Amino acid sequence: MPAYDRVASAKDCAQQIASLYSSKISNVERDNLVKELYSPSAIWSDPLTQAKGVGAIIANYRSLSGLASEAELKILDWTINNDSSGFVLRFDAEAIYKIRFTPLVVKYRQWSVIHFDNETRMVKEHVDHWSVESLLSTIPIFGLLYLKLWRPMVGAVIHTLFKPRQLVPEWITGKKALITSSPAARTPTKVKAT
C-alpha cells in the first residue's frame, strides 16, 4: 500500500521515513519498506551522495548500517503541504550515529524534504540537507580543528584575496573608486577656499 494511504498524519509519515535510518530495523524490513514507500524511479540525495531508483536507495540505506553500529534519526518537527503534483513532507531531525568499531558518536542536525507523487502516492524525490559544520563539529579533534583552525584560516585567506577595494571598478565607470581598502584613502581632506 502506498505511503500516504497507510499513515494517519505527517508525523506518522516522518517517523516511517526516519525508521529507515535506524539500526534497529533489519535489512529485510528496511528493503521492503523502501519498496513500499519509494517509486521505482525515485531519487534520494544528500550533500555527499545521490541514488536513483529503488535498488540504489536500498543500497544507500544499507550503507548506514555498515558504517554505524547504532543509528537513529529523531524527528524534532514536521510539516506537510499539498501542491499540484502531490504533497511535500518536510521534517527536522537529529541524526545520531555510533561509528562501527570506534567509541565515536556523531550527532548532527538534518532536515529532509520528501516529495510524494499525486498519482502513485509514493516518494518520487527525497533530499536530506545537513551542513559540514554540524557534522564535523561533533567529531573529537576534527571538530576542534575545523572550528578553531580551518574555518578562521579559510576566512582570513578569502578576506586577503578578495578584500573590498572599490564598489565599481574604475575601468567601468571611468571615475576613481568611492571605497578602497586603505583607511587613509577613505578620509576626506579639507580644501581651503581661496
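As a reminder, the structure under discussion sits directly above these lines.
Draft legend 1. Geometry of the sheet that holds strand β6 (residues 123-129). Strand order in this open sheet of six strands is β2-β1-β6-β5-β4-β3, and the pairing throughout is mixed. With partners counted over all chains shown, the strands left at the sheet margins are β2 (50-52) and β3 (68-83), one partner each. In this sheet, neighbouring strand axes are inclined to one another by 20° on average, regardless of whether the strands run parallel or antiparallel. With 13 bridges connecting them, strand β4 (residues 86-99) and strand β5 (residues 105-117) associate as antiparallel partners. Across the sheet, Ala-93 pairs through a bridge with Gln-110, a residue of β5.

Draft legend 2. Seen up close, the packing of aromatic side chains. This structure, assessed with the given rule, holds six aromatic pairs. Seen in terms of ring centroids, Tyr-21 and Tyr-61 are 5.2 Å apart; in terms of plane orientation they differ by 90°. Their pairing is edge-to-face. Of the two residues, Tyr-21 is situated in the loop between α2 (10-19) and α3 (27-37) and Tyr-61 in helix α4 (residues 54-67); the sequence distance between them amounts to 40 residues. Taking relative accessible area as the criterion, Tyr-21 reaches 3% and is therefore assigned buried. Counting every residue linked through ring pairs, the aromatic cluster contains Tyr-21, Tyr-38, Trp-44 and Tyr-61. The ring of Phe-101 carries the charged tip of Arg-100 above its face, separated from the ring centre by 5.9 Å.

Draft legend 3. Layout of the pattern of salt bridges. Under the defined criterion, the tally for this structure stands at two salt bridges. Ionic pairing is found between Arg-62 and Asp-31, a salt bridge with its closest N-O pair at 2.6 Å. Highlighted residues: Arg-62 in helix α4 and Asp-31 in helix α3, separated in sequence by 31 residues. Among the residues examined, Arg-62 registers a relative accessible area of 36% and is labelled partly exposed. Between Asp-92 and Arg-109 there is a salt bridge whose closest N-O contact spans 2.6 Å. Taken together, the residues Asp-92 in strand β4 and Arg-109 in strand β5 connect sequence positions 17 residues apart.

Draft legend 4. Molecular detail of empty space enclosed by the protein. With the rule as written, the count across this model stands at one cavity of 30 Å³ or more. In this model, the largest cavity occupies a volume close to 30 Å³. Every residue lining the largest cavity is listed: Tyr-21, Ser-22, Ser-23, Arg-30, Tyr-61, Leu-64, Ser-65, Ala-68 and Ala-71. Put simply, the parts of the chain that give the lining of the largest cavity at least two residues each are α4 and β3. The residue inventory of the lining of the largest cavity, partitioned by class, reads five nonpolar, three polar and one charged.

Procedures and definitions
- Residues numbered from 1 in each chain as written.
- Predicted model: local features only at pLDDT ≥ 70, side-chain atom pairs only at ≥ 80, totals over all residues.
- Heavy atoms only, no water.
- Pairing = 2+ DSSP bridges.
- Helix = DSSP H or I, 4+ residues; strand = E, 2+ residues; numbered from the N terminus.
- Axes fitted to C-alpha atoms, helices over the stretch in contact; angles between N-to-C directions.
- Phe/Tyr/Trp six-rings, centres within 6.5 Å; stacked < 30°, edge-to-face > 60°.
- Buried < 20%, exposed > 50% of the residue type's maximum accessible area, 1.4 Å probe, protein only.
- Lys NZ or Arg CZ within 6 Å of the ring centre and 35° of its normal.
- Salt bridge = Lys/Arg side-chain N within 4 Å of Asp/Glu carboxyl O.
- 1 Å grid on protein atoms, 1.4 Å probe; cavity = no way out; pocket = protein on both sides within 12 Å on 5 of 7 lines; lining within 4 Å.
- Points joined across faces, edges and corners; volume = space filled by probe spheres on them.
- Nonpolar A, V, L, I, M, F, W, Y, C, P; charged D, E, K, R; others polar.

Functional significance is not addressed by these values, which are geometric in nature.
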